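# Examining the three-dimensional arrangement
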Amino acid sequence: MRPHALTTLRNALGNVDASTRKTARMPRGGFTPAVEDRDYLGWRDPSAPQRGYLFIEGEHGLRGVMLTTTRTRNSVRRAVMCEFCRIPRRFDQVVLFTAPTSPKHKDSSTFGTYLCIDLDCNARVNALRPMGPLDPPADVMVAAHRAQLLERVTSFVAEVLERAELPATRRAGSASL
């Protein structure tokens, strides 16, 4: 990804209203790995820890969604898998994130999935190394996982934004009848 100003990122949030966009905050201390080495941007809001943000760049330009965590209880003895990086993690390292699909939050519709609690699957995928002699070389393995990661993140963001646009489309269509 390319670096973007906070104002640009706020304007790219497609599933929240303008007043909520203004409250988005960047992470303290920047990103590790650097923004240029990421396939997507994802972070938790330092001023509102229950919130997170995901941004992708693609053929439709910069697009983003705001996420919120939910209170779920995972078994202490259970491993959980992040839907994006598909790496099994401890129960306290993966949480259910939901994205509002109505910009004005009037209908309380959400769409969610289990993700790494810090939204930093980029770092974990970039750190993958072969586990055995039959595994492909590290650079091939990382490239394949990065492509799959980007595909899953892009699909999730597109699904949230598509659901966020549906109610407005329905209202506009029914008003013209």
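Preceding this paragraph is the structure being described.
All of the points below concern the structure found in this document. Along each chain, the written sequence defines residue order, and numbers are assigned to residues from 1. Residue-level local features of this predicted model are given only where pLDDT is at least 70; pairs of side-chain atoms are given and counted only at 80 or more, and the full residue set underlies all totals for whole chains, interfaces and linings. The basis for every side-chain value is the complete set of non-hydrogen atoms in the structure, without hydrogens or water.

### Structural notes on the packing of aromatic side chains
The geometry of an aromatic ring pair is captured by two quantities: the separation of the ring centres and the angle between the planes. Under the pairing criterion, centres of Phe, Tyr and Trp rings, with the six-membered ring standing for Trp, must be within 6.5 Å; the plane angle then separates stacked pairs below 30 degrees from edge-to-face pairs above 60, leaving the rest tilted. Scanning all chains against the criterion turns up 5 aromatic pairs. With a centroid separation of 5.5 Å and an interplanar angle of 45°, the aromatic rings of W43 and Y53 are classed as tilted. Of this pair, W43 sits in strand β1 (residues 41-45) while Y53 sits in strand β2 (residues 48-58); the two residues are 10 residues apart in sequence, bridging distant segments of the chain. Considered together, W43 and Y53 belong to a single accessibility category, that of buried residues. One aromatic cluster is present, built from ring pairs that chain together Y40, F84, F111 and F156. Every helix listed is a DSSP run of H or I at least four residues long, and every strand listed is a run of E at least two residues long, numbered separately from the N terminus. Buried means the residue's accessible area, taken with a 1.4 Å probe over protein chains only, is under 20% of the maximum for its type, while exposed means over 50%, and partly exposed covers the values in between.

### Focus on the pattern of salt bridges
Basic side-chain nitrogens of Lys or Arg form a salt bridge, by our definition, when they fall within 4 Å of a carboxyl oxygen of Asp or Glu. Enumeration according to the criterion identifies 7 salt bridges in this entry. In this structure, R2 engages E57 in a salt bridge whose closest nitrogen and oxygen atoms are separated by 3.0 Å. Note that R2 is positioned in the segment before α1 (6-12) and E57 in strand β2, a separation of 55 residues in sequence. A relative accessible area of 26% means that E57 is categorised as partly exposed.

### Focus: unusual backbone geometry
Phi is positive for R86, close to 60°, though the residue is something other than glycine. Residue placement: R86 occurs in the loop between β4 (80-81) and β5 (88-89). Located in the positive-phi region is L119, a residue other than glycine, with phi close to 55°. Mapped onto the fold, L119 is located in the loop between β7 (110-116) and α3 (121-126).

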